[in-house]
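# Coordinate inspection notes
Residues per chain, in single letters:
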Amino acid sequence: MRFDVLTLFPEMVRAPLSASIVGRAQAAGAVTVDVHDVREHGIGRHRTVDDTPYGGGSGMVMRCDVVANALRAVQAAHGAGTVVLFEPSGRRFDQRAAERFATLDHVILVCGHYEGVDARFAESLGEGVEVISIGDYVLTGGEYAAMVFIDAVSRLLPGVLGNAESSRVESFAEGRGLEFPQYTRPREWEGREVPDVLLSGNHAKIDAWRDERSADRTAAVRPDLVMPRKG
Ligand code: ADE
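Keep in mind the model is a prediction, meaning the values are calculated, not measured.

Turning our eyes to something else, we now look at the domain arrangement of the protein. Annotation of the protein at the domain level lists domain 1 (2-154) and domain 2 (169-225). On a C-alpha basis, the centres of domain 1 and domain 2 stand 36 Å from each other.

So, on to helix 8 (residues 203-221). Between its terminal C-alpha atoms helix 8 stretches 26 Å, which fits the 27 Å expected from 19 residues at 1.5 Å a residue. Of the residues that open helix 8, the one with a side-chain oxygen 3.2 Å from the backbone nitrogen of A204 is N202.

So, about the pairing of strand 6 (residues 106-111). Counting buried positions along strand 6 yields six of six residues, so the element is predominantly enclosed. Burial of strand 6 is two-sided: the residues H106, I108 and V110 facing one way and the residues V107, L109 and C111 facing the other way are all buried. Here strand 5 (residues 82-92) runs beside strand 6; their pairing, made up of five bridges, is parallel. From the neighbouring strand, T82 faces strand 6, where its bridge partner is V107.

Reading the values: rules and limits
- Within each chain, residues carry numbers counting from 1 in the order of the written sequence.
- With the structure being a predicted model, the display of local features is reserved for residues of pLDDT at least 70 and the display and counting of side-chain atom pairs for 80 or more, all residues being used for whole-chain, interface and lining totals.
- Note that the side-chain values use all heavy atoms of the structure and ignore hydrogens as well as water.
- Each domain's limits were defined by an automated method or a database of domain assignments.
- Counting from the N terminus, the helices are the DSSP runs of H or I reaching at least four residues and the strands are the DSSP runs of E reaching at least two.
- The span expected for a helix works out to 1.5 Å for each residue beyond the first.
- Nitrogen and oxygen atoms within 3.5 Å of one another constitute a polar contact, given that in protein one can donate a hydrogen and the other can accept it, and given that sequence-neighbouring residues count only through two side-chain atoms.
- Burial classes follow relative accessibility: with a 1.4 Å probe on protein chains only, a residue under 20% of its type's maximum area counts as buried, one over 50% as exposed, and anything between as partly exposed.
- By this definition, two strands are paired if DSSP reports at least two bridges between them.

This is the structure we're talking about:
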């Protein structure tokens, strides 16, 4: 799968994505991440990319012409792709959305910065852009959102996670709510024991215990998540 990231801060995105599992996925060729500097399409000698908002108010707004030219350059080189724009006012990103995006071949991620991108950019793309938020809080820019997006989508692609890493995939996906608690060695730590059932070797019992813990945790912490009981 190919990800093109359009940003004013390429180094913010490149380094983190070259580490760990996504870095390995890139090295293995399962994922390609190409980061593009929007400033290359800036206006004039100073490569201006933003300006003050019409109507007043604080902060700067990224120019729609600059962002559109950056997008068109990437599309001319690599194809139309599916365009995603990160804004706090976008549709909420969740596991279901990650699964949907993981079926695509090519996503172009546009990171707004400052007060975001002039609204005419998204308007001009109409149905051709998905505006996405990663949560109900305001970030300094879409770069963090793009990294979250690439991580969550990449780990769903075939061959990206080894078996040892793949058990979390279904946590939200099956509407199962939150994960059950996990334990590893040592068996006893500062007077705290690993629950007996996990040492029993009885997998039916272990599964039942985990389902129960999962349901308890979801009810306590995230009652808003639907949690159909198994069986
Ligand atoms: N840019 C600023 N805040 C954001 C958020 N919560 N999600 C996506 N992009 C953003």
